[in-house]
Amino acid sequence: MKKWAPRVLLAAVLTGLSAFLLKGDVWTFWTWWLLAFLMGMVAMPVTGRLFAGFEDKGWMFSKVLAITVTGFLTWLLVSVKILSFTAVTCIGVSLACAVVCGVLYHIQMKKGIDCIPNGKGELIYWEEILFFAFFLMWTYFAGFRPQAYGTEKFMDYGFMEAMMRSTTLPARDLWYSEGTINYYYGGQYFAVFLTKLTGSKVELTYNLMRTFVAAFAFILPFSLVHQMSVDRLKGSLTGKKRCVPAVSGIIAGLSVSIAGNMHYVVYSKIIPWIQKLQGKEVDSYWFPDATRYIGYNPDVPDKTIHEFPCYSFVLGDLHAHVVNVMFVMFLVGLLYAWMRSVRMREAMIRKPGRKEFWKKQLLIPHILLAAVMIGMFRFTNFWDFIIYFVVTGGVVLFTNIVQFDGKVKKILAVTVVQAVEIIVISYVVSLPFTLQFDSMFKGVGIAQNHSMIHQLLILWGLPVVLTVPLIICIIWEKLCGGANRSLYKLMKAISVPDLFAIIMGLCAIGLIAIPEFVYVRDIYENGNARANTMFKLTYQAYMLFGMTMGYGIFRMLVTAKKKVFKVVSVIGLVLLCWTFGYFGNSVHAWFGKVWDPSEYKGLNATSFLSNDFAEDVAGIKWLKKKVKGSPVVLEANGDSYSGYERVSAMTGLPTVLGWYVHEWLWRDDTADLNEKSADIEDIYTSLDQEYVKELLEEYDVSYIFVGSKEREKYGDALNEDVLKAFGEVVFQDEEYSTYILKVNK
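Here's what I pulled together on the structure shown here. The residue numbers shown here count from 1 along each chain, following its written sequence. Side-chain atom pairs in this predicted model are given and counted only at pLDDT of 80 or more, local residue features only at pLDDT of at least 70, and totals for whole chains, interfaces and linings cover all residues. Note that water and hydrogens are dropped before the side-chain values are worked out from all heavy atoms of the structure.

**Regarding the overall build of the chain**
Counting its secondary structure elements, the chain contains 33 helices and six strands. Rg of the C-alpha trace for the chain: 27 Å, near the compact-globule value of 27 Å for 745 residues, within the 12% margin. Within the chain, buried positions represent 58% of all 745 residues. Using the Shrake-Rupley algorithm and a 1.4 Å probe, accessible areas are obtained, with residue cover drawn only from the displayed protein chains. Carbon and sulfur atoms make up 63% of the accessible area of the chain, which totals about 29,700 Å². What counts as a helix is a DSSP run of H or I of at least four residues, what counts as a strand is a run of E of at least two, and both are numbered from the N terminus. The reference for a compact globule is 2.2 Å times residues^0.38; the radius of gyration itself is calculated from the C-alpha atoms. Burial here depends on accessible area, computed with a 1.4 Å probe over protein chains only, as a share of the maximum for the residue type. Under 20% is buried, over 50% is exposed, and the range in between is partly exposed.

**Observations regarding the packing of aromatic side chains**
Ring pairs (aromatic) are described by centroid distance and by the angle formed between their planes. Paired rings are identified among Phe, Tyr and Trp, the last through its six-membered ring, by centres lying within 6.5 Å, and are further divided according to the angle between planes into stacked (under 30 degrees), edge-to-face (over 60) and tilted (the rest). Evaluation of the coordinates by the stated rule reveals 77 aromatic pairs. Note that lysine 196 overlies the ring of phenylalanine 85, its terminal NZ or CZ placed 3.7 Å from the centroid. Remark: a charge is flagged as sitting over a ring if the NZ atom of Lys or the CZ atom of Arg is within 6 Å of the ring centre and within 35 degrees of the ring normal. Stacked on the ring of tyrosine 427, the Lys or Arg arginine 378 has its end atom at 4.2 Å from the ring centre.

**Notes on the pattern of salt bridges**
Salt bridges are identified by distance alone: a Lys or Arg side-chain nitrogen within 4 Å of an Asp or Glu carboxyl oxygen. For the coordinates displayed, the defined rule picks out 25 salt bridges. Glutamate 128 serves as the salt-bridge partner of lysine 63, at 2.8 Å between the closest nitrogen and oxygen. In this pair, lysine 63 is assigned in helix α4 (residues 59-79) and glutamate 128 in helix α6 (residues 121-142), connecting sequence segments 65 residues apart.

**Quick notes on the side chain of histidine 662**
Inspection of the secondary structure puts histidine 662 in helix α29 (residues 660-667). Identification of polar contacts relies on pairs of N or O atoms within 3.5 Å, with a donor-acceptor requirement for protein atoms, meaning one able to donate a hydrogen and the other able to accept it, and with residues adjacent in sequence counted only if both atoms are side-chain atoms. Here glutamate 152 takes part through its side chain, which lies 2.6 Å from a polar atom of the side chain of histidine 662. Contacts are assigned to residue pairs with any non-hydrogen atoms lying within 4.5 Å of each other. Once residues within four sequence positions are removed from consideration, histidine 662 is found in contact with Glu152, Met155, Ser640 and Tyr641.

**What about a nonpolar patch on the surface?**
For patches, a residue must show more than 30% relative accessible area and have no salt bridge; joins then use 9 Å for like charges and 5 Å for nonpolar side chains, namely Val, Leu, Ile, Met, Phe, Trp and Tyr. A surface patch of nonpolar side chains, amounting to about 550 Å² of accessible area, comprises Val416, Val420, Val424, Val428, Leu431 and Leu435. Ranked by residue count, the leading element in the nonpolar patch is helix α17 (residues 408-429), at four residues. Among the structural elements, valine 416 can be located in helix α17.

**Re the packing of helix α10 (residues 244-257) against helix α23 (residues 531-559)**
Each axis is a line fitted through C-alpha atoms, and for a helix only the stretch in contact is used; angles between axes span 0 to 180 degrees, taken between their N-to-C directions. Put simply, α10 and α23 touch, their axes get as near as 8 Å, and they point 150° apart. As the angle between them shows, α10 and α23 are arranged roughly antiparallel. Read as a crossing pair, α10 and α23 show a hand that is right-handed. Across from Val244, Val247, Ser248, Ile251, Ala252, Ser255 and Val256 in α10, the residues of α23 making contact are Tyr542, Met543, Gly546, Met547, Gly550, Phe554 and Val558. Note that Gly is not counted as nonpolar here; it falls among the polar residues with everything else outside the nonpolar set of Ala, Val, Leu, Ile, Met, Phe, Trp, Tyr, Cys and Pro and the charged set of Asp, Glu, Lys and Arg. Of the residues belonging to the contact of α10 with α23, the class tally is 10 nonpolar, four polar and no charged. What sets the label is the angle itself: under 35 degrees gives roughly parallel, over 145 gives roughly antiparallel, 65 to 115 gives roughly perpendicular, and the rest give oblique. Each crossing is labelled by how the near helix is turned from the far one, with a counterclockwise turn of less than a right angle marking it left-handed and a clockwise turn marking it right-handed.

**Side note on the side chain of serine 177**
Summarising the element assignment, serine 177 is placed in the loop between α7 (153-165) and α8 (186-198). A relative accessible area of 4% places serine 177 in the buried class. Setting aside residues no more than four positions away along its own chain, serine 177 makes contact with Arg172, Val632, Pro654, Thr655, Val656 and Tyr699.

**Describing a negative patch on the surface**
A surface patch of negative charge is lined by Glu675, Asp688, Glu690, Glu694, Glu697 and Glu698. It is helix α31 (residues 689-698) that provides the largest number of residues to the negative patch, a total of four residues. Looking at the secondary structure, you find glutamate 697 in helix α31. Residues scored as positive are Lys and Arg, those scored as negative are Asp and Glu, and His as well as the terminal groups of each chain are ignored. We put the charge of a Lys on NZ, of an Arg on CZ, of an Asp on CG and of a Glu on CD.

**Focus: unusual backbone geometry**
Excluding glycine, most residues fall at negative phi; most peptide bonds, likewise, are trans. That bond from leucine 169 to proline 170 is cis: its omega, 0°, falls within 30 degrees of zero. With respect to the helices and strands, the residue proline 170 is situated in the loop between α7 and α8. In this model, asparagine 297 is joined to proline 298 through a cis peptide bond whose omega is 10°. Positive phi, normally seen in glycine, also occurs at lysine 81, with a value near 70°. Structurally, lysine 81 can be placed in the loop between α4 and α5 (87-111). Its identity as a non-glycine residue notwithstanding, aspartate 668 has a phi of 50°, on the positive side. Counting through the fold element by element, aspartate 668 comes out in the loop between α29 and α30 (670-685).

**Considering the sheet that holds strand β6 (residues 739-743)**
Ordered in space as β3-β4-β6-β5, the four strands form an open sheet in which the pairing is mixed. The sheet is open, and its two borders are formed by β3 (632-634) and β5 (727-732), each paired with just one other strand. Taken pair by pair, the neighbouring strands of this sheet meet at an average axis angle of 25°, ignoring direction. By the convention used here, strands pair only if DSSP detects at least 2 bridges between them. Strand direction decides the pairing type here: strand β4 (residues 701-706) and β6, joined by four bridges, are antiparallel. By the bridge assignment, valine 706 is partnered in β6 with tyrosine 739.

**Some points on the environment of alanine 191**
In this fold, alanine 191 is placed in helix α8. Separated by 277 residues in the primary sequence, alanine 191 and valine 468 place their C-alpha atoms 38 Å from one another. With residues up to four places along the chain from it excluded, the contact list for alanine 191 reads Trp32, Met160, Met209 and Leu318.

**Focus: the state of the cysteines**
Pairs of cysteine sulfur atoms within 2.5 Å are identified as disulfides in what follows. Inspection of the entire model under this criterion finds zero disulfides. Left without a disulfide partner, cysteine 577 is nearest to the cysteine sulfur of cysteine 243, which lies 14 Å away. On the accessibility criterion, cysteine 577 (34% relative accessible area) is partly exposed.

**Here's the deal with α4**
In this model α4 runs 30 Å from its N-terminal to its C-terminal C-alpha over 21 residues, within 8% of the 30 Å that 1.5 Å per residue would give. With 17 of its 21 residues buried, α4 lies for the most part within the structure. Immediately beyond the C-terminal end of α4, within one or two residues, lies lysine 81, with a positive phi of roughly 70°. Expected helix span is given by 1.5 Å per residue-to-residue step, counting one fewer step than there are residues.

**With respect to the nonpolar core**
We define a nonpolar core as any set of buried Ala, Val, Leu, Ile, Met, Phe, Trp, Tyr and Cys residues linked to one another through side-chain atoms lying within 4.5 Å. Core analysis: the biggest nonpolar cluster contains 227 residues, and Trp138, Tyr185, Tyr189, Met209, Phe212 and Phe500 have the highest contact counts within it. When residues in this core are grouped by element, the largest group, 19 residues, is from helix α9 (residues 202-233). Here methionine 209 is in contact with Trp32, Phe190, Ala191, Leu194, Leu318, Val323 and Met326, once residues within four sequence places are set aside. If you look at the next biggest cluster of nonpolar residues, it comprises 27 residues, including Tyr660, Ile704, Leu718 and Val722.

**Remarks on the pairing of β4**
The two faces of the sheet receive side chains in turn, since in a regular strand these alternate between them. For β4, the tally of buried residues reaches six of six residues, placing the bulk of the element in the interior. Where β3 meets β4, three bridges bridge the pair, whose relative direction is parallel. When the bridges of β4 are listed, valine 633 appears paired with tyrosine 703.

Note that every value here comes from positions in space, so none of it alone points to a role or purpose.
So this is what it looks like as C-alpha cells:
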C-alpha cells in the first residue's frame, strides 16, 4: 500500500491539474481518455495475443487497435449501405466488438492463455501517466489557439461537420454539392466516429482529436523502443542498465512527437550566435521555416515541404497524414511483435516438416491485420498505403530469410505469396472507398531539380549519421572473427531489435532519397513538383528515424565494443536533445503565454467567428441549429486558404463550389469549376430572373446566404431584389445586413 500511495497521489494531482487547466473542457477530455482506457482494456484478449512477447502485452497499442477495429467496421458497414452513420451505429458496433472480446477472454482463461500483463502494473501505470500527461499538455496548448481558421483548417473542420450531418459515407462534398467527398477523408472520419461514440461536440473534438493523436505519437514509440531495449539487453538488465529501456523509450517518444530538426539548431542558435559575435544584427527565427527550407533559402523554383509531427501538432491542422500517425505507429509495433514472435518460436520449436505449411503462412494473424491496416490507409492517407506496404514487405522478407534458414526458393516463394496476400486483402477491404473515388494520380515524373547537399545535411544529417554507424556497429560485431559471412548467418546472428532497427533506418533513408530522383505528378507541378512527394515520404522517414535514433543511441552507448560508436552516440544524443528546443520555440511563437492559465481560451474551434466574421456568425449558428440533413446553401466562392466558404466549413452544409484549388486537385476539371464559379456569380448578380431561377433549380439550392463575403465580392452588383423574389427571408441579423433566404420549391 505504501508503494502505491505516491502513485495514487500523482494520478490525483494530474487529474486535478487537468480540471484546473482545461476548465469546462475537462469533461470532454476525461471522456476521451476514459474511452481510450476502456476500449484498450476490453481489446486486450486480442492485443495480448498479438503482442504476447511484450512486457505490457501491447497495453498502449490496444487503445489504437480498439479504435481501428470498431471504427473501420462501422465505416465498412455504413459504406456498403448496411447501416446508417449514427451514434447508435457507432455504439452498437463497439459493443458488439466488446462482446466478442469478452467471449475470447473466457475461452483463453479456460485454456490457460494469459492475455493480461500480470505483474507489470508498474509499467502500465507509468505508460498511462505518460499518455495522460502528454494528452493533457497538448490539449492545454490547443486551448490557446483553438480556431479552425487559417491554413487548411476550414477543410478539415468542414469534413467533420459534413460527416456529423451525414448518415451515409462518403458524405456529400461541402464544396461541391453535386458530388461526394473525393479525398482521403479517413482521418476526419475517425475523429467523427469518436465524436459520435462519446456524444461530444465537434467544435471541441476537432482540437481534441489532434491532441489525442499527439499523445499517441509519444507513447507508442516509447512502448515499442522500450520493448526493443528490453529484448536487446535481456539478461543484463542490472544496475544502471535497468533504466536504459525507459530512457531510450522516452527519447524515442520525444524524437517522434516534439523534436524539430537541425534547421532549428543551425538557424535559431548557431548562426545568431555567430552574428552576435560579429556585431551584426541577429536574424529572427520563425518555426515554420524548418518545414520550408529546400527551395526557399535560397529562393529557387523548386519549392518543397518537409514537415514533421511537432510542427503539425502545433499548427493544428487535422489533415490525413496527422491522424494517420497513430495508425502507422501501431502497424510498426505490430510488425515488430510479429518478427519477435517468429524468432522466439523458431528458437523453441525446430520442426522443419510442419504440416499445413502454406495454411500457416497465409493465416498469420499479424500479417492479416497488417494487410487490413494497409488497406485502410487507402482512405486515411493513400501515401501511407504505398510506404507501409514496402516497409511491411521489408520486414516480411528479412523475417523469412531468418526463419527459413537462408533457403532462397522457400524464402522467395513465401515472401511473394504473402506480398500478394497483403495486396489482395488491402485492395478488397478498401473497395467501398476506391469504387467511389476518382484517383488524383497522374503518373511518376523524373526529378528535374535536386536538393542542395548542405540542405540535406542540415535536415537529415543527424538521423543518417546516427543510423549508419548503428548499422555498421551491429554488422561489425557479428562479422568479427570471420564468422557469419553469409547473409543468412549474419541476419540470424543479429538480434531481433537490432535487425528491426536496421529495417526502420534503411526504410527512412530510402524515403528521403526517393524525392531526389522521382516524384508523383499533380497539379502543383509548375514550381512545386517535388513538394507533395517529399512532404509525404519524409514525414514517415522522420518518425522511423525518431524510433531508430531512440533505440540506436543507447544501443551503441551501452553495448558497443568500439569507443568510436559510443562517442558518436553521445554527440548524437546531445544534438538530438538540442532539437527538442524546437518544441518550446514553436509553442511560444504560436500559442503565446502558455505559462499563464488565465490566457486559456477553450477548445471551441468556432470561437473565432465572433471576431473574424461578426457579420455572419449569427447566420452560421442559425443554419447549424435549424437546418437538418445536407441541403445546398449557396454562398460566394473564393480562393483556397481564404475566408471564403466560412458558411459551408462551419456548418458542413454543401455549397455549389468551394475552395477552387482544392476542388481542382480533387476533381481535375477546371472547365467544370470555372462554369460553376460563373454560375454562382450570375445567381448573385444577374437581373434575369428566369435565368437565375434555372440555375437555382439546376444546383438544387435550398438556401441563399447573403453576408460579408457576398457583399465584398459582388458589391453594388448584388441583385438582392431578384433573389428575394425566389423565397422568403428565414433569418435576418438584427445588427448587420446579413440574411438567409429559403428558396421556394
